Amino acid sequence: MKRCADGSRRNGRILVANAQPELIEAVVPLLAGALIATAPIHHEHARREKDPSYKIWDPNFVLALLKDRDPRIGACADTGHWQTSGVKPLDGIKLLKGRIVSLHLKERAEIGKPLPDMIYGTGASDTAAVLAELKKQRFKGHISIEDENNWDNSVPDIKRCVDFVRNWGTKT
């Protein structure tokens, strides 16, 4: 919580944390009077088969947590973790309509398996449809392009992902 308070004093726009669901209400007073437009507190990670109490990976669970809460509290959606957990990115984006304030965008070859990241548009993620849905929702947050597949030489792959987004933008 101290870090949230520090961020609000620094006029941060977005704070992302992996807060426990029971701590959500503790964040709300930290937002009062702050210049924070949005303060997502949920960045989910993949489903944990051996820990059924861990539910934050599930966009349905996140949506239920956010229901009737301060609109500045939203979701930091991670399409890679969704895909590993068996959730199609477009389905998660549609489900959390209006509550996504930041996004980690990834492409995978297949939904439901922990596979390496790929160049946008080359896998099963339907990144073009995700971008179209975000545009339809008038998404104003930031998108992080992540490639955890090739740490030592990721710049060429990241560039290809940026090019995909730019080319998509010229077609819409």
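For the structure given in this document, a descriptive report is provided here. (Residues numbered from 1 in each chain as written. Predicted model: local features only at pLDDT ≥ 70, side-chain atom pairs only at ≥ 80, totals over all residues. Heavy atoms only, no water.)

### Overview of the overall build of the chain
Definition in use: Strands here mean DSSP runs of E at least two residues long; helices mean DSSP runs of H or I at least four residues long; both are numbered from the N terminus. For every residue, the accessible area (1.4 Å probe, protein chains only) is compared with the maximum for its type, and the residue is labelled buried under 20%, exposed over 50%, or partly exposed between those bounds. Contacts are assigned to residue pairs with any non-hydrogen atoms lying within 4.5 Å of each other. The accessible surface values rely on the Shrake-Rupley method and a 1.4 Å probe; as for residues, cover is taken only from the protein chains in view.
Counting secondary structure elements, the chain contains 7 helices and 4 strands. Sequence-ordered secondary structure for the chain, helices as α and strands as β, is α-α-β-α-β-α-α-β-α-β-α. Going through the 172 residues of the chain one by one, you find that 43% of them count as buried. Within the chain, residue pairs in contact and separated by at least 24 positions form 66% of the contacts whose partners lie at least 6 positions apart. Accessible surface, the chain: about 9600 Å² in total, of which carbon and sulfur atoms supply 53%.

### Regarding the packing of helix H6 (residues 127-136) against helix H7 (residues 155-171)
What counts is decided by this rule: Think of each axis as a best-fit line through the C-alpha atoms, taken over the contacting stretch in the case of a helix, with angles from 0 to 180 degrees between the N-to-C directions. These descriptions rest on fixed angle ranges, namely under 35 degrees for roughly parallel, over 145 for roughly antiparallel, 65 to 115 for roughly perpendicular, and the rest for oblique. Note on convention: near helix rotated counterclockwise from far helix by under a right angle means a left-handed crossing. Clockwise means right-handed.
At a minimum axis separation of 11 Å, H6 and H7 run at an interaxial angle of 55°. The orientation of H6 with respect to H7, classified from their angle, is oblique. Every pair of crossing elements has a handedness; the one defined by H6 and H7 is right-handed. Contacts from Thr-127, Ala-128, Leu-131, Ala-132 and Lys-135 in H6 reach Phe-164, Val-165 and Trp-168 in H7.

### Section: the pattern of salt bridges
Where we set the bar: Any carboxyl oxygen of Asp or Glu within 4 Å of a side-chain nitrogen of Lys or Arg constitutes a salt bridge here.
Considering all chains together, one arrives at 6 salt bridges under this definition. Between Arg-108 and Asp-117 there is a salt bridge, with its nearest N and O atoms 3.0 Å apart. For the pair Arg-108 and Asp-117, a shared accessibility class is recorded, and that class is buried. Bridged by salt links that share partners, the residues Lys-106, Glu-146 and Glu-148 form one connected network.

### Overview of unusual backbone geometry
Backbone geometry at Asp-126 places phi at a positive 55°, although glycine is not the residue there. Along the chain, Asp-126 falls in the loop between strand S3 (100-105) and H6. Backbone geometry at Arg-138 places phi at a positive 60°, although glycine is not the residue there. The residue Arg-138 is located in the loop between H6 and strand S4 (142-145) in this model. Judged by its relative accessible area of 66%, Arg-138 is exposed.

### With respect to the environment of Asn-60
Secondary-structure assignment places Asn-60 in helix H3 (residues 59-66). With a relative accessible area of 47%, Asn-60 lands in the partly exposed category. Sequence-wise, Asn-60 and Leu-96 are 36 residues apart; in three dimensions their C-alpha atoms are separated by 8.1 Å.

### What to know about the environment of Gly-123
Structurally, Gly-123 is set in the loop between S3 and H6. For Gly-123, a relative accessible area of 35% corresponds to the partly exposed category. Along the chain, Gly-123 and Arg-108 lie 15 residues apart, while their C-alpha atoms are 5.3 Å from each other. Ignoring anything within four residues of it in the chain, the contact list for Gly-123 reads Glu-107, Arg-108, Ala-109 and Met-118.

### Comments concerning the pairing of S4
Defined as follows: Any two strands between which DSSP finds at least two bridges are classified as paired. Here is how to tell: hold the view so the strands point away, follow the path from the first strand over the helix to the second, and if it runs clockwise the crossover is right-handed.
Here S3 pairs with S4 via 4 bridges, running parallel. Counterpart to Leu-105 in the pairing with S4 is Ile-145. For the crossover from S3 across H6 to S4, the handedness is right-handed.

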